[in-house]
Amino acid sequence: MRHPEAEADLAQLLRTGPFHLALRAALAVRGLPLQRVRHHLAHRGITVGVTSLCYWQQGARRPQRPESLKAVRALEELLELPGGSLIRLLDGPAAGGGGSGAGAERGEVVRPAARSYRALVEASGVVEELIAGLGLPADGGLHTVGHHERVRIGAGRQLVGRDSLHVLRAHRDGVDRYVAIHHGDPGCDPERVEVRAGDNCRTGRVRWHRETGVVVAELLFDARLRAGDTYALGYAFEDGTGGQSAEYVRGFSFAGGQYVLQVGFHEDALPVRCRRFAQASAGAPRGARGELTLSGRHRTVHFVEQGVRPGILGIDWDWE
């Protein structure tokens, strides 16, 4: 069954790009899982792994080698697209986000499609100033492959803390640190927020801004990464200094990767309703809303987002 709106979005992306979003939209419209795509290509004598196809549609890599370009032309036919419509998009800027280099297949990693942090977070000016004060570039040379984040809400309905298991990929050489950002709820005292480094990192410099409750923390790696390297680290922010919490949001500057958000509530502070949502930017209306059911014994809700797009994802809840 064809969906006119999805077809219209696909037609637009085929005109404007970027390549990875056009490919992702075409796969969704045709309803073809990557395993079936790989199978169809193999029948045509073209060998492409599911992992490569996944990276292509996430914007983490771009097809560049002759065999890969042959696969893209076959994809146009398989997905019933106009001839040359996908190949043409590979001639433009890498991944649509001012990417660098020729792509992972030539020893470099294309920076995924990006959106400025200022478009995502209301306190972005403060964040940019704090990062600049550390002498670091706004683009740290890393993008997310996978991020599992667990938020803890206490008995007083406050954000007690949050834990992250974060897998990152370098899109340039020489990266040896990640800047983690925490934005406390109204009333937060950022000077009292504790940064806890876990697996594969140690805490470097920490800066905060009292009026907005923003904390930025430098997490230092045990190795200097090359473009294409992945790195897994664990870290946490212990807060508990703010007022009543009603939501948790996270902004994504780069496309691609998986994000899992889990919110756990104290047994003495259970919400009556929880919802997930998405936003294009901090000032945009919230869409893609969906009710989340609180698990009984563990008192948690969660969602999983595959192939994150630049923008904002979060969970909000009602106490009454």
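Our subject is the structure that appears above.
Since this is a predicted model, take the numbers as computed values, not measurements. (Residues numbered from 1 in each chain as written. Predicted model: local features only at pLDDT ≥ 70, side-chain atom pairs only at ≥ 80, totals over all residues. Heavy atoms only, no water.)

(A) Structural view of the layout of surface pockets. Quantified by volume, the second largest pocket comes out at close to 330 Å³. Those elements that provide at least two residues to the lining of the second largest pocket are α2 (19-30), β10 (273-279), β11 (287-292) and β13 (311-318). (1 Å grid on protein atoms, 1.4 Å probe; cavity = no way out; pocket = protein on both sides within 12 Å on 5 of 7 lines; lining within 4 Å. Points joined across faces, edges and corners; volume = space filled by probe spheres on them. Helix = DSSP H or I, 4+ residues; strand = E, 2+ residues; numbered from the N terminus.)

(B) Layout of the sheet that holds strand β5 (residues 201-209). One open sheet accounts for three strands, arranged β3-β6-β5; its pairing is antiparallel. Edge positions in the open sheet fall to β3 (175-183) and β5, since each of these has one partner strand only. With direction set aside, neighbouring strand axes in the sheet form an average angle of 20 degrees. Bridge analysis of β5 against strand β6 (residues 214-225) gives seven bridges, and the strand direction is antiparallel. Following the sheet pairing, H209 is matched in β6 by V214. (Pairing = 2+ DSSP bridges. Axes fitted to C-alpha atoms, helices over the stretch in contact; angles between N-to-C directions.)

(C) Up close: the pattern of salt bridges. Counting across every chain of the model gives 23 salt bridges. Ionic pairing is found between R205 and E218, a salt bridge with its closest N-O pair at 2.8 Å. Of this pair, R205 sits in strand β5 while E218 sits in strand β6, and the two are 13 residues apart along the sequence. The class for R205 is partly exposed, based on a relative accessible area of 32%. Residue E218 is classed as buried on the basis of its relative accessible area of 3%. (Salt bridge = Lys/Arg side-chain N within 4 Å of Asp/Glu carboxyl O. Buried < 20%, exposed > 50% of the residue type's maximum accessible area, 1.4 Å probe, protein only.)

(D) Geometry of the environment of D229. Along the polypeptide, D229 turns up in the loop between β6 and β7 (230-238). Distance in space between the C-alpha atoms of D229 and R169 is 5.6 Å, their sequence separation being 60 residues. When sequence neighbours within four positions are dropped, the list of residues in contact with D229 reads L168, R169 and A170. A distance of 2.8 Å separates a polar side-chain atom of D229 from the backbone nitrogen of R226. (Contact = heavy atoms within 4.5 Å. Polar contact = N/O pair within 3.5 Å; in protein donor to acceptor, adjacent residues only side chain to side chain.)

(E) Region of the structure containing α2. The first and last C-alpha atoms of α2 sit 17 Å apart over 12 residues, in line with the 16 Å expected at 1.5 Å per residue. The buried fraction of α2 is high, at 11 of 12 residues. Within α2 the residues assigned to the buried category are F19, H20, L21, A22, L23, R24, A25, A26, L27, V29 and R30. Once α2 ends, the next one or two residues include G31, with phi positive near 70 degrees. (Expected span 1.5 Å × (residues − 1).)

(F) Broad picture of the environment of Q244. Among the secondary structure elements, Q244 is positioned in the loop between β7 and β8 (247-252). A sequence separation of 88 residues divides Q244 from G156, and the C-alpha atoms of the two residues are 7.2 Å apart. Leave out the neighbours within four places in its chain, and Q244 touches R157 and W319.

(G) Spatial organisation of the nonpolar core. By size, the foremost hydrophobic cluster in this structure holds 30 residues, and its most contacted members are W56, L75 and L86. Elements with a contribution of two residues or more to this core: α1 (4-16), α2, α3 (34-43), α4 (50-58), α5 (66-78) and α6 (85-89). Tallying contributions element by element places α2 first for this core, with eight residues. (Core = buried A, V, L, I, M, F, W, Y, C linked by side-chain atoms within 4.5 Å.)

(H) Quick peek at the packing of aromatic side chains. What the rule picks out here adds up to seven aromatic pairs. Centre to centre, the rings of F221 and Y231 are 4.3 Å apart; their planes meet at 20 degrees, and the pair counts as stacked. Of this pair, F221 sits in strand β6 while Y231 sits in strand β7; the two residues are 10 residues apart in sequence, bridging distant segments of the chain. We note that F221, like Y231, is buried. With 4.9 Å between their ring centres and 70 degrees between their planes, F252 and Y259 make a pair best called edge-to-face. Taken individually, F252 and Y259 each receive the classification buried, so the pair is uniform in this respect. Pairwise contacts between aromatic rings join Y178, Y235 and F237 into one cluster. Directly above the aromatic system of F303 lies the positively charged group of R276, at a separation of 4.2 Å from the ring centroid. If you follow R286 out to its NZ or CZ, it ends over the ring of F277, 3.8 Å from the centre. (Phe/Tyr/Trp six-rings, centres within 6.5 Å; stacked < 30°, edge-to-face > 60°. Lys NZ or Arg CZ within 6 Å of the ring centre and 35° of its normal.)

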